[in-house]
Amino acid sequence: MNRFICIHGHFYQPPRENPWLEEIELQDSAYPYHDWNSRITAECYAPNTASRILDPDRKIIDIVNNFSKISFNFGPTLLSWLEKHNAEVYNAILEADKKSQEIFSGHGSALAQAYNHLIMPLANRRDKQTQVIWGIKDFEHRFKRKPEGMWLPETAVDLETLEILAEQEIKFTILAPRQAQRVKPIKGREWQNVDGGRIDPKKPYCCYLPSGKTIAIFFYDGPISQELAFSNLLENGEHFAHRLLSTFNRDDNGPQLVHIATDGETYGHHHRYGDMALAYALYFIELKNLAHLTVYGEYLEKYPPAQEVKIFENSSWSCIHGVARWQNDCGCNSGMHPKWNQQWRAPLRGAMDWLKDNLVPIYEEFLEPLVHDPWKLRDHYIAVILDRSNETIGLFLQEHAKQPLSHEEKIRVLKLLEMARHAMLMYTSCGWFFDEISGIETAQTLCYAARALQLAKELSQISLEEVYQSLLEKAPSNLKNFKHGGKVYELLVKPAVLDLLRAGVHFAVSSLFRDYPESINIYTYQTQRQFFEKMELGKQKLAIGKSFLQSSITREEYTISFAGLHLGDQNLISGAREFMGDEAFSEMHLEIKESFSKGEISEVILLIDKHFKNHSYSLWHLFKDEQREILNQLFALALKDVESSFRQLYEHHYPMMQAVEGLNISLPRYFKGVLDFVVNLDINQEIEAENPDRERLQKLVEEVKRWSLEIDVSRLSLIISQKINASMEKLAASPFQMELLGSVIHLLKIVNQLELPLTLWKAQNIYFIIGKNMLEPISQKAQKGQNEAKQWLEAFSALGNYLDVRIS
């Protein structure tokens, strides 16, 4: 059989971490038209799409099996996040690539990606080279092999980019059909025009480069890929399979490859249960022996190109105008805001280019006395990005330095490299892709620019920020409250800027609310407590201390003195500054402590002002995650008071509400509000209890139905999903706990009455794994008449019904 099918998924979530913390923070909905939570990186894209893969019969096909049968690339930032926060999914992705090599003649399913998703044709050669090298090295670090292919961001391409891929021994890339200009047989002379997407996508092509090198190009099937992304093709796995098969040319007996490429989030995030359709399509094709599944590397080895191709330079898959979407108002946008324009794109690109051009001289001037080759140094910096241990940094600097470096010189080199890294991150493609300059994506690129500006000033004492911000003022916003990019920078970016002192402030303020050990890592800051004393006086708390901080990124060091006073609720006053010296610190400590002990709170406030002058801070100077956590603590205290009041109203007036119901009269809104609050709260508390009272929970659900109450759908869905997933994790560790098995069944039976949109992919996966390992041996015991085995099978089957999973 000469029919082959390859599915490629591009899993890329743009970097949305705080540039100063190197971590994704929870964000407020401060952005004007986005309802966004940064945790979507892993919650919606990776585990949901990559791990909850089902077929229409609700039979789970696990991630390793499924990802070993498709071609895929993951953005390095997404993989880095998964490695830290969802090791199970991360390791499964790596394992899938290993398994795919067993299936596909030694060729892996994973592709590399140019590092941080900037538009390659718009970058200079030096940046292109670093992007490719970093992408390759990141891939090798994770997948333990050399990549055969590389995904280009937005498939944006020019010949220089292909030259660099070929130089780095990348064998192939994937482009959109409209990026092909003309083709001819490799040994032929007559070119055939294939513009407008008319190229035959069922074969690979060879692109001859000016240097004499070559690279293979696969042009994916455009119509199917479009249907997959924007129509209902993923509603049925069998229909999807037949659509793929329909593309084969029945009159051609030679080898044919039907392959498609879409964003990975198509399967599950954009199209709910699209992952199920994908899994079943693969299963159906294999079961019926309708075609061979393959990956690009295997197909290329078996059937090398017989035709040569010329490409359209400066073209992409997501802009019909080439790469204009990332530099001007070409008309390409999300379509969600038809009255908006994107006239901000060109001035934003101009501001970024101006900044980059002014950062290069700083980078070169300060590095040339210290290292052999500043730009080779940047190419190799990926080794440090992947492992920031002292050993790796030491070997890295030893290799590139002209002479042994002092501690201060090492810090300077690392800061210059971070400046250069952020000077590339600020070009991340999504900053221009969408509709509005104040959107989360563009604000993120501005944050990267702000970090580069900050480092440049610290290194050279040259401030570029004022001119940069004035250039942003030429970028008009579609929203009146922002006006232009300068205002966006002022309101959304400047408040996010951090330094070592601000990190110390975070430690100082948060220490009023939690007990830290003597040494702790707070994001990328290593904190060593050298002195700390905390006192309480009723609701009021005082913390005084001295701490040493070091950045794990740049190795900068800082010692701070601090004092913090919590007056109750959100009222907090804190001072922090560079360590004032032992004598001054002792004086500050004794004065503030003595006044606090006497209850002279106003005097404490004056003393904090005296000793810290213009270095006073509040709750709002904390990192976002910590802000949220502390506010939740404060809200929890306030909730107790609110709950007490509402519960009294509920208990006192419930008989009257029953009487009104008996008369078939609608409850007044204020009574309905009391019921909503109390019943929602009680359901929440019951679900979160270690052992929920089933009878009480059932009665609460009946109350919801009885009074047609408005339940908090998002919160209840979250905590119930977490409860069930956590219970299933316990069951995985001990599958024969009949009591636990029964409690999960009863919980699902009760909550199903609320018809909530639960996220149970993890529970479903665990159920499948337990079933795969246990069903056969337990069934054999049941057949021999063992009652316990029969009871377990009955209960496990019931659980499968509630989870919508059937194992055949």
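See above for the structure.
Residues numbered from 1 in each chain as written. Predicted model: local features only at pLDDT ≥ 70, side-chain atom pairs only at ≥ 80, totals over all residues. Heavy atoms only, no water.

S.K.: What's the story with the state of the cysteines in this structure? I'm lost.
M.R.: Such a bond, covalent and formed between the sulfur atoms of two cysteines, is termed a disulfide. On inspection of all chains with the given rule, the structure shows zero disulfides. Unpaired in this structure, Cys6 has its nearest cysteine sulfur neighbour in Cys206, at a distance of 19 Å. On the accessibility criterion, Cys6 (1% relative accessible area) is buried. Its sulfur unpaired, Cys447 is 12 Å from the next cysteine sulfur, which belongs to Cys430. A residue is classified by how much of its surface remains accessible, and Cys447, at 8% relative accessible area, is buried. (Disulfide = S-S within 2.5 Å. Buried < 20%, exposed > 50% of the residue type's maximum accessible area, 1.4 Å probe, protein only.)

S.K.: Before we go on, may I ask you to explain empty space enclosed by the protein in this structure?
M.R.: Over the atoms a probe the size of a water molecule is rolled, and this reveals where empty space is left. A complete count under the given rule lists five cavities of 30 Å³ or more for this structure. Reported here for the largest cavity is a volume of approximately 120 Å³. Across the lining of the largest cavity, the residue classes break down as eight nonpolar, one polar and four charged. (1 Å grid on protein atoms, 1.4 Å probe; cavity = no way out; pocket = protein on both sides within 12 Å on 5 of 7 lines; lining within 4 Å. Points joined across faces, edges and corners; volume = space filled by probe spheres on them. Nonpolar A, V, L, I, M, F, W, Y, C, P; charged D, E, K, R; others polar.)

S.K.: What is the right way to look at the packing of aromatic side chains in this model?
M.R.: What describes a pair of aromatic rings is the distance from one ring centre to the other and the angle between the planes of the rings. According to the stated counting rule, one finds 37 aromatic pairs in the structure shown. Judged by centre distance (6.3 Å) and plane angle (35 degrees), the rings of Tyr280 and Phe284 are tilted. Residue Tyr280 and its partner Phe284 are located together in helix H9 (residues 274-287), separated by four residues, close to a single helical turn. We note that Tyr280, like Phe284, is buried. Both rings, one in Tyr650 and one in Tyr654, keep their centres 5.3 Å apart while their planes meet at 50 degrees; by these two values the pair is tilted. Taken together, the positions of Tyr650 and Tyr654, both in helix H23 (residues 624-662) and four residues apart, correspond to about one turn of that helix. Tyr654 matches Tyr650 in its accessibility class, with the two residues each being buried. The structure contains a cluster of three or more aromatic residues connected by ring pairs, namely Phe11, Phe67, Phe72 and Phe74. Across the ring face of Phe579, the terminal group of Lys546 is positioned such that the distance to the ring centre comes to 4.1 Å. (Phe/Tyr/Trp six-rings, centres within 6.5 Å; stacked < 30°, edge-to-face > 60°. Helix = DSSP H or I, 4+ residues; strand = E, 2+ residues; numbered from the N terminus. Lys NZ or Arg CZ within 6 Å of the ring centre and 35° of its normal.)

Shape is all these values report; function is a separate question.
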